[in-house]
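# Tertiary structure, described
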Amino acid sequence: MNTYPQIKPIADIGLLIEFGQTIDVSIHAQILAMDQAMQDAPILGVIEMIPSYVSLYVGYDPLIIIYEDLVLNLKTLILETQKNQIKIQREEKHWCIPVCYETKFSPDLEELADKLDLSTDAIITSHSSAIYTVYMYGFAPGYAYLGGVPSKIQIPRKSIPIMGVRPQSVMIAAQQSLITTVTMPSGWWVIGRSGINPLNKSLEQPFMFGVGDTIKFEPIKECDFVRFEQG
Amino acid sequence: MANFKIDHAGPLITIQDKGRTGFMRFGVTPSGPMDRVAYLAAHHMMGTDLGAAIEISMGGLAISCLEGQVSACITGGDFKITLDGENLPSWSIFTLRQGSRLQVQAGKWGSWCYLVFAGKMNVPTWLGSASTHIGSDLCGAPLSAENSISVEDCYLPDLITGQVFDPKFFKPQSEIRIVLGPQDHFFTSQSVQDLQNEKFTLTKDFNRQGVRLNGPKLKITHALDMPSEPVGRGALQVPGHGDPICLLADHQTTGGYPKIATVISADQDKLSQMRSSDKIFFKVVTVETAIEAAKIAHQAEQSFYHIIKDSQKSLEEKLWNSNLVSGIISDINS
């Protein structure tokens, strides 16, 4: 019988607080609340927290904090967080991201239409009418995992990753969507190009989205995209 | 100011400092040196503040000094160092002058060594660190021939030149300690046994991101459908092919493959210094033992840094120190 949350050690470098097993808005809300609580009352020796779909990672320095003390601390905090139903202090933002879905920028759209037995327009309409939530960052710098892909356009990732997928590619795989920030290999389906790179390395806060933010994609024409890119 | 031209650079040679801690929540890997002990030792040897080093792979590096002069040292593994045609022992301090040509090649053992200058290398930084993350191009790229290196605030510290430390004490042992989890229950009990009882070989799939190990195939009983979760350095992640991949300095921040175990922090850098075709055995320990090992390693390293700093004094003291060092290193390696 599994009861959550569970604390699982990762050698002497960190631990995972698991809040469940499946991707779910209410589980994710508990993770964000715990992340917030730990930011509000920092524990000496904790290096960083990483919120993800079903767990919160806590990295710590065993030379500064005793592991058993950390676990006790976290258990107390979990109870307090649940009791007080801590609301996220940070203001969640809603973003509207311009995306050009035209052929030039959507190399996988035709194949996807074939596989899903939908028109390319139907895929575009479906992708751009959903509201997405930022569940976590992962894989590469600035890669925000967006949950909320409508079920009719959900499809598993490609069997073999494609090398060198360029920045600002808008991709989907299963229930997730993502805007790439740097050139990386990827097995996700590229269906458009974002007018904005959500990672701006010259800014002091280079990452545009906060975990918990919501996003909507706004289709734009190629001429608008070019104008957008030129500023 | 001293300027250098790179005459030759093998693959995977990058600028590394302490690393970029605290941004994993934004998908940013910490990077930093593959062998943190050797990186820190170089700075203690030179008496410099912790800054950027050149991490040299087995591919080797050759540089020529175009102008200026600066002291430098190389630590990590047992690499072959040649300065103006003359062989120097590894873990040496030396001075580079206009016209000097320094060549570093793979030696007896070790996959990574560190070149640190007595000065400040002119390198880009991002999020407070100069560490290059290969692939993202967000902070520099691997070094290549015809790149140049410039060092500011150069000095020639009053140091004994020559070997400061005999690397034989640091040669990694084949035993690597791990803590099981968080997904060891995703594997057959035979596979969890095999992990502890059988030997594993480092393959050629070895870079700053990780190293694929070859041994008995680890069989996963669960479907590969767990939601992606954060992963740390040292994680033994097992994709469908059944070979564990040990994640290293440039590891991705999250992953969806199950992790059967994690290499304890005290043994991570030793594993990084091994080479393809080297064999290892995993020993399962508890979290408590892993934490105790981290403390022992930290204390031993501090004493070691203290001694290599002090070893600049006299030959007599150096000899005395080298006996002391061998005792301490056995602690670090235990």
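This structure is a prediction, so every number in the text was calculated from the model and none was measured.

Time to look at the overall build of chain A. In terms of regular secondary structure, chain A is built from five helices and 13 strands. Counting only C-alpha atoms and orienting by the principal axes, one finds that chain A spans roughly 55 × 45 × 35 Å. By residue count, 53% of the 231 residues in chain A fall in the buried class. Considering only intrachain contacts with a sequence separation of at least 6, the fraction spanning at least 24 residues in chain A is 62%. Working note: accessible area of chain A is about 10900 Å², and carbon and sulfur atoms make up 54% of it. Where the 17 positive side-chain charges of chain A centre and where its 25 negative ones centre are 4 Å apart.

Residue-level contacts link 44 residues of chain A with 40 residues of chain B. On inspection of chain A and its partner chain B, the count reaches one salt bridge. A salt bridge links A:D35 to B:R25, with the shortest nitrogen-to-oxygen separation between them at 2.6 Å. At the junction of chain A with chain B, the criterion picks out nine residue pairs in polar contact (both at pLDDT 80 or more). Looking at the side of chain A that touches chain B, the elements with two or more residues in it are strand 1 (6-10), strand 2 (14-18), helix 1 (25-40), strand 3 (46-51), strand 4 (55-60), helix 2 (67-84) and strand 6 (132-137) of chain A.

Attention now goes to a negative patch on the surface. Together, A:E110, A:E111, A:D114 and A:D117 make up a negatively charged patch on the protein surface. You can see A:D117 is positioned in the loop between helix 3 (109-116) and helix 4 (120-129).

Each aromatic ring pair is characterised by the separation of its centres together with the angle its planes make. Residues and elements named next belong to chain B. Overall, the coordinates contain 22 aromatic pairs over all chains when judged by the stated rule. When the ring of W91 is compared with that of F165, the centres are 5.0 Å apart and the planes differ by 65°; the resulting orientation is edge-to-face. Placement of W91 in the loop between strand 7 (86-88) and strand 8 (92-97) and of F165 in the loop between strand 13 (162-163) and strand 14 (175-180) is noted, with a sequence separation of 74 residues between them. For the residue pair W91 and F165, the accessibility class agrees, reading buried in each case. Aromatic pair F165 and F304: ring centres 4.9 Å apart, planes at 65°, arrangement edge-to-face. Of this pair, F165 sits in the loop between strand 13 and strand 14 while F304 sits in helix 4 (residues 287-310), and the two are 139 residues apart along the sequence. Judged by its relative accessible area of 0%, F304 is buried. What links up through ring pairs into an aromatic cluster is the set W91, F165, F170, F304 and Y305.

Next up on the list: the state of the cysteines. Defined simply, a disulfide is a covalent bond joining two cysteines at their sulfur atoms. Residue and element names in this part refer to chain B. Here the structure, examined in full by the defined rule, presents zero disulfides over all chains. Counting only cysteine sulfurs, C113 is the nearest neighbor of C73, a cysteine outside any disulfide, at a range of 10 Å. Accessibility expressed as a relative area gives 0% for C73, which makes it buried. According to the relative accessible area criterion, C113 is buried, its value standing at 0%.

Residue and element names in this part refer to chain A. Domain assignment breaks chain A into domain 1 (6-84) and domain 2 (94-230). Here the C-alpha centre of domain 2 lies 30 Å away from the C-alpha centre of domain 1. Contact residues are listed per partner, giving eight residues for domain 1 and eight residues for domain 2. Roughly 720 Å² of surface becomes buried between domain 1 and domain 2 when both sides are summed, with 68% attributable to carbon and sulfur atoms. Among the residues domain 1 hides against domain 2, the three largest losses belong to I23, H28 and Y53. Together they make up 64% of the total. Along the contact surface separating domain 1 from domain 2 lie zero salt bridges. Along the contact surface separating domain 1 from domain 2 lie two residue pairs in polar contact (both at pLDDT 80 or more).

The rules we used
Residues numbered from 1 in each chain as written. Chains lettered and ligands numbered in written order. Predicted model: local features only at pLDDT ≥ 70, side-chain atom pairs only at ≥ 80, totals over all residues. Heavy atoms only, no water. Helix = DSSP H or I, 4+ residues; strand = E, 2+ residues; numbered from the N terminus. Buried < 20%, exposed > 50% of the residue type's maximum accessible area, 1.4 Å probe, protein only. Contact = heavy atoms within 4.5 Å. Areas by Shrake-Rupley, 256 points an atom, 1.4 Å probe, with all protein chains shown as cover. Lys, Arg positive; Asp, Glu negative; His and termini not counted. Charge placed at Lys NZ, Arg CZ, Asp CG, Glu CD. Salt bridge = Lys/Arg side-chain N within 4 Å of Asp/Glu carboxyl O. Polar contact = N/O pair within 3.5 Å; in protein donor to acceptor, adjacent residues only side chain to side chain. Patch = residues over 30% accessible without salt bridge, like charges linked within 9 Å, V, L, I, M, F, W, Y side chains within 5 Å. Phe/Tyr/Trp six-rings, centres within 6.5 Å; stacked < 30°, edge-to-face > 60°. Disulfide = S-S within 2.5 Å. Domains from an automatic or database assignment. Buried area = accessible area lost by both parts, 1.4 Å probe.

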